[in-house]
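# Understanding the architecture of this molecule
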Amino acid sequence: MKLKRLKESTDDYFHQAWELYNDAFPLEERRTLDAQKTVLNRSNYHFEILVDHNQFIGFILWWDFETFRYIDHFATSKNIRNKGFGKLILNTFINNDDKPILLEVELPASSIDKRRIKFYERLGFKLNLHDYSVPSSVDNRKIDLLVMSYPEAITKETLNRFIVNNHPIIFNS
């Protein structure tokens, strides 16, 4: 099993990863292809895919900031879900660096949303119940989400610093 960082939209497996990205996330939570090509050039942005025996397994798209890592998007291919690959990808990611990790989840309104939160909690992530929203990628709406953090919960002040310092980089790229 191999984790590979993609730096160009012409790299092997980008097309498969892009199809999964479009399938796994709602339109208002995704970048356009042009915006994705732009962030691929950022040194602190990582578009990493997992390949096992030449089979595309999934991806983890993340930002490496000074004091933490931020998982932007994470998904595994539909045909291999519930086989432990998501856990493997995240455990590898967690163990790669000792910086704290932040990621966003949908509000626990559906059984799938609740299952996703439980999945992250089993890996050691903490659900932070602070009010939090991100800009939609398609209009002027705000999308209400929650932030999960690893290894510890974060304060509202830490979340506010994240928003002020990093949202402009993440959402205006």
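In the block above lies the structure referred to throughout.
Scope of this entry: the structure provided in the associated data block.

Quick notes on the rules
- Every chain is numbered on its own, with residues counted from 1 as its sequence reads.
- With the structure being a predicted model, the display of local features is reserved for residues of pLDDT at least 70 and the display and counting of side-chain atom pairs for 80 or more, all residues being used for whole-chain, interface and lining totals.
- Working from all heavy atoms in the structure, the side-chain values ignore hydrogens and water.
- Secondary structure counts use DSSP, requiring at least four H or I residues in a row for a helix and at least two E residues in a row for a strand, with both numbered from the N terminus.
- Contacts: residue pairs with any heavy atoms within 4.5 Å of one another.
- Using the Shrake-Rupley algorithm and a 1.4 Å probe, accessible areas are obtained, with residue cover drawn only from the displayed protein chains.
- When charges are counted, Lys and Arg contribute as positive and Asp and Glu as negative, whereas His and the chain ends are disregarded.
- Each charge is placed at NZ for Lys, CZ for Arg, CG for Asp and CD for Glu.
- Every case where a carboxyl oxygen of Asp or Glu lies within 4 Å of a side-chain nitrogen of Lys or Arg is listed as a salt bridge.
- Only protein chains enter the accessibility calculation, which uses a 1.4 Å probe; a residue is then buried when its area is under 20% of its type maximum, exposed when over 50%, and partly exposed in between.
- Aromatic rings from Phe, Tyr and Trp, with only the six-membered ring used for Trp, were paired whenever their centres fell within 6.5 Å, and each pair was classed as stacked if the ring planes differed by under 30 degrees, edge-to-face if by over 60, and tilted otherwise.
- Residue types Ala, Val, Leu, Ile, Met, Phe, Trp, Tyr and Cys, when buried and joined through side-chain atoms within 4.5 Å, form a set referred to as a nonpolar core.

### Details of the overall build of the protein
- Scanning the protein from terminus to terminus reveals five helices and eight strands.
- Considering only C-alpha atoms, the protein reaches an extent of 45 × 35 × 30 Å along its principal axes.
- Considering only contacts within the protein whose residues lie at least 6 apart along the sequence, 61% involve residues at least 24 apart.
- Of the roughly 9,500 Å² that the protein leaves accessible, carbon and sulfur atoms contribute 49%.
- Charge-centre separation for the protein: the mean point of 24 positive side chains lies 4 Å from the mean point of 24 negative side chains.

### Thoughts on the pattern of salt bridges
- In total, this model carries seven salt bridges according to the counting rule given.
- Residue Asp64 is joined to Lys99 by a salt bridge in which the shortest nitrogen-to-oxygen separation is 2.6 Å. With Asp64 in strand S3 (residues 55-64) and Lys99 in the loop between helix H3 (85-95) and strand S5 (101-106), this residue pair connects regions lying 35 residues apart in the sequence.
- Between Arg116 and Asp113 there is a salt bridge; the shortest N-O distance is 3.5 Å. Taken together, the residues span about one helical turn, with Arg116 and Asp113 both in helix H4 (residues 111-122) at a distance of three residues.
- Note on Arg116: relative accessible area 31%, which makes it partly exposed.
- A cluster of three or more residues bridged by salt bridges with shared partners is formed by Glu106, Asp113 and Arg116.

### Quick word on the packing of aromatic side chains
- Within the structure shown, the criterion is met by 17 aromatic pairs.
- Relative to Phe93, the ring of Trp62 lies with its centre 4.9 Å away and its plane at 75°, an arrangement referred to as edge-to-face. One end of the pair, Trp62, is in strand S3; the other, Phe93, is in helix H3, and 31 residues separate them in sequence. With respect to class, Trp62 is no different from Phe93; both count as buried.
- Through successive ring pairs, a cluster of aromatic residues spans Tyr45, Trp63, Phe65, Phe68, Tyr70, Tyr132 and Phe162.

### Things to note about the nonpolar core
- Grouped together as the largest cluster of nonpolar side chains are 31 residues, with contacts concentrated most on Phe47, Ile49, Phe59, Tyr70 and Phe162.
- Those elements giving two or more residues to this core turn out to be helix H1 (14-24), helix H2 (33-40), strand S2 (45-52), S3, strand S4 (69-76), strand S8 (142-150) and helix H5 (156-171).
- The dominant element in this core, judged by the number of residues it contributes, is H1, at five residues.
- Apart from the residues lying within four places of it in its own chain, the contact partners of Tyr70 are Leu61, Trp62, Trp63, Phe65, Leu102, Glu104, Phe162, Ile170 and Phe171.
- Judged by nonpolar contacts, the second largest core, of 21 residues, contains Ile94, Val105, Phe125 and Leu146.

### Overview of the side chain of Thr76
- Inspection of the secondary structure assignment puts Thr76 in strand S4.
- For Thr76, a relative accessible area of 10% puts it in the buried group.
- Those residues within four positions of Thr76 in sequence are excluded, and the remaining contacts are Leu20, Ile57, Gly58, Arg81, Phe85, Gly86 and Ile89.

### Comments concerning unusual backbone geometry
- Between Tyr150 and Pro151 the backbone carries a cis peptide bond, its omega angle lying at 5°.
- Positionally, Pro151 belongs in the loop between S8 and H5.
- In this model, Tyr13 sits at a positive phi of 75°, which is unusual for a non-glycine residue.
- Checked against the element boundaries, Tyr13 lands in the loop between strand S1 (2-6) and H1.

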